Amino acid sequence: MDDFDVVVIGGGTGGYTAAIRATQLGLTAALVERDKVGGACLHRGCIPTKAWLHSAETLVRARQAPTFGVDVPGDVALNFPGVRAHQQSVVEALHKGIRGAVQKHKIEIIEGEARIASPNEVAVGDRSLKAGSIVIATGSEPRDIPGLEVDGEGIISSDHLLELEELPASVAIIGAGAIGCEFASFFADVGVPTTLIEMLPSVVPLEDIDAGRVLAKSFASRGVEVMTSAKVLADRTRKHDGVVELTVEHEGQEKKVKAAKVLSAVGRQAVTSGLGLENTGVQVDRGRVQVDDAYRTAEPTIYAIGDAIGGMLLAHVAAAEGFIAAEAIAVKDPEKLDYNRVPRVTYSRPQVAAVGLTEIQAKEQGINAKSTRFSLKYNAMALIHGESEGFAKVVTDADSGDFLGATLVGDSVADLISEAALTRFLQASTWELGSSIRPHPTMSELLGEAAQLSSEISIYW
């Protein structure tokens, strides 16, 4: 048997972070991965999708170039094989870098399917790994709609979509969360007729309602048919002549939606079956491993992190959880992760970025909350870039002045939300956020202006 202090099952962002942190704390570690180190985020999710979105944004900006006094000769067109080549080159570079980082920390990468044979033993093929502790970091996979299961042809998941060699003639997207909205944005910008269907009343339904309104308006202006408060009647789905026909209940009527491809983007489910959990005391609820604040399961030697435990299915959350789990294994008494300081981003055009509570969520918790909003149309850099669509909204505890959260909508706001996340981490007030000095002209002034409005210290408004 091979002996390790820690055996991590799953080589995604959470898994390799846990393994690396464990070795930094003096432990020996092995990383078991059935596919490629980097996991779904690197190979089938975050990174490929953002590469596609950047290509689409570049196309849009090239077409807008005359607005800024730059003439682009000839027709500007998308080269989809070139898009995929760029995506693959980025993924390959990052994959090489991650493998190098893992190996630098003397972590053995073991390729194959892992099965937990006992609370201290993991089987991988013919090998048996003895483990002082085991970390389950198996991630998630696209979830099916009952009666509308993915077939990889007419009805596809995001995994299938990223493998397409040519753009579909048309697409219908079921689910307007981050995945659905990002692909809707991409297809709108590259000229593919797109329908976006959401069961709840707003796109990006987990975010501030105003963010959903702005994003839906932007999509509609670019030709996307947005259908919210809509229900797909799965048993009425028809496929013929390379077209999928959906029946959708919307605005009191039944409507037919036809598309060459239907993207099912209704969420993801934990990958936990087949792990051998029945050989342990690990408890599972609806497919998700149950853990405490240090990510320890009911079996004292086994931990679980990332999408395998549900919650916020984000790569940076999995990394934070992996870091804490490794610290707990090394008996470092780590601090509990505050999920209200985790930034959330939808990389559509415009982007939606948020952290903490919305005003509605704060009031539901009994907080005397107020919000202030500052429009991008008053930001100099946004006007210079021709990207004045969006806003910043800051939520404050009206009694204490504490900063509770923020929502940003606009160009490149993903790069601005970290300031709000740091404000949450430092437990600073909205007045302190607004009083920080920012360079002018920059997009960073957007968040500062919204905070100043809340604190009534703005000299402009």
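Up top you'll find the structure we're talking about.
Residues numbered from 1 in each chain as written. Predicted model: local features only at pLDDT ≥ 70, side-chain atom pairs only at ≥ 80, totals over all residues. Heavy atoms only, no water.

## Let's talk about the environment of S455
Position of S455 among the secondary structure elements: in helix 13 (residues 445-455). Sequence spacing of S455 and S435 is 20 residues, and the spatial spacing of their C-alpha atoms is 9.2 Å. Ignoring any residue separated from it by four or fewer positions in sequence, one finds S455 in contact with T430 and W431. (Helix = DSSP H or I, 4+ residues; strand = E, 2+ residues; numbered from the N terminus. Contact = heavy atoms within 4.5 Å.)

## Re the pairing of strand 6 (residues 127-136)
The pairing of strand 1 (residues 2-9) with strand 6 spans 7 bridges and is parallel. Bridge pairing in strand 6 links F4 to A131. Strand direction decides the pairing type here: strand 5 (residues 121-124) and strand 6, joined by 4 bridges, are antiparallel. Within the sheet, the bridge partner assigned to V122 lies in strand 6 and is L129. What sits between strand 5 and strand 6 in their antiparallel hairpin is a turn of 2 residues, with G125 showing a positive phi close to 60 degrees. (Pairing = 2+ DSSP bridges.)

## Comments concerning the sheet that holds strand 8 (residues 155-156)
Taken in spatial order, the 5 strands make up an open sheet running 8-16-9-10-11, and their pairing is parallel. Lying at the two open borders of the sheet, with one neighbouring strand each, are strand 8 and strand 11 (225-227).

## Focus: the packing of helix 1 (residues 13-24) against helix 8 (residues 315-329)
It is at 7 Å that the axes of helix 1 and helix 8 come closest, and there the two elements cross at 30 degrees. Between helix 1 and helix 8, the angle is such that the two are roughly parallel. By crossing handedness, the relation of helix 1 to helix 8 is classed as right-handed. Seen from helix 1, the contacting residues are T13, G14, T17, A18, R21 and A22; seen from helix 8, they are A315, A318, A319, G322, F323, A326 and E327. (Axes fitted to C-alpha atoms, helices over the stretch in contact; angles between N-to-C directions. Parallel < 35°, antiparallel > 145°, perpendicular 65-115°, else oblique. Left-handed = near helix turned anticlockwise from the far one by under 90°.)

## With respect to helix 4 (residues 80-104)
Taking 1.5 Å per residue as the helical rise, helix 4 with its 25 residues ought to reach 36 Å, and the 36 Å between its terminal C-alpha atoms agrees with that figure. Contacts made by the buried residues of helix 4 are with helix 1, strand 2 (29-33), helix 2 (39-44), helix 3 (46-64), strand 3 (108-111) and helix 6 (178-190). Trailing helix 4 by a residue or two, K106 shows a phi angle of about 60 degrees, which is positive. (Expected span 1.5 Å × (residues − 1).)

## Quick look at the side chain of R344
Of note, R344 is situated in strand 21 (residues 344-346). Polar side-chain contacts of R344 include one of 3.4 Å to the backbone oxygen of G356. (Polar contact = N/O pair within 3.5 Å; in protein donor to acceptor, adjacent residues only side chain to side chain.)

## A closer look at the packing of aromatic side chains
Within this structure, the stated rule accounts for 6 aromatic pairs. Considering the side-chain rings of W52 and F80, the 5.3 Å spacing of their centres and the 80 degrees angle between planes classify their relative orientation as edge-to-face. Taken together, the residues span a long stretch of sequence, with W52 in helix 3 and F80 in helix 4 at a distance of 28 residues. The same class applies to W52 as to F80, namely buried. Each ring, one from W52 and one from F183, has its centre 6.2 Å from the other, and the planes form 85 degrees; the classification is edge-to-face. Of the two residues, W52 sits in helix 3 while F183 sits in helix 6, which places them 131 residues apart along the sequence. With relative accessibility at 2%, the residue F183 sits in the buried group. An aromatic cluster is defined as three or more aromatic residues linked by ring pairs; in this entry it consists of W52, F80, F183, F186 and F187. Above the plane of the ring of F391 lies R373, whose end atom (NZ or CZ) is 4.0 Å from the centre. (Phe/Tyr/Trp six-rings, centres within 6.5 Å; stacked < 30°, edge-to-face > 60°. Buried < 20%, exposed > 50% of the residue type's maximum accessible area, 1.4 Å probe, protein only. Lys NZ or Arg CZ within 6 Å of the ring centre and 35° of its normal.)

Keep in mind these numbers describe shape, not what the thing actually does.
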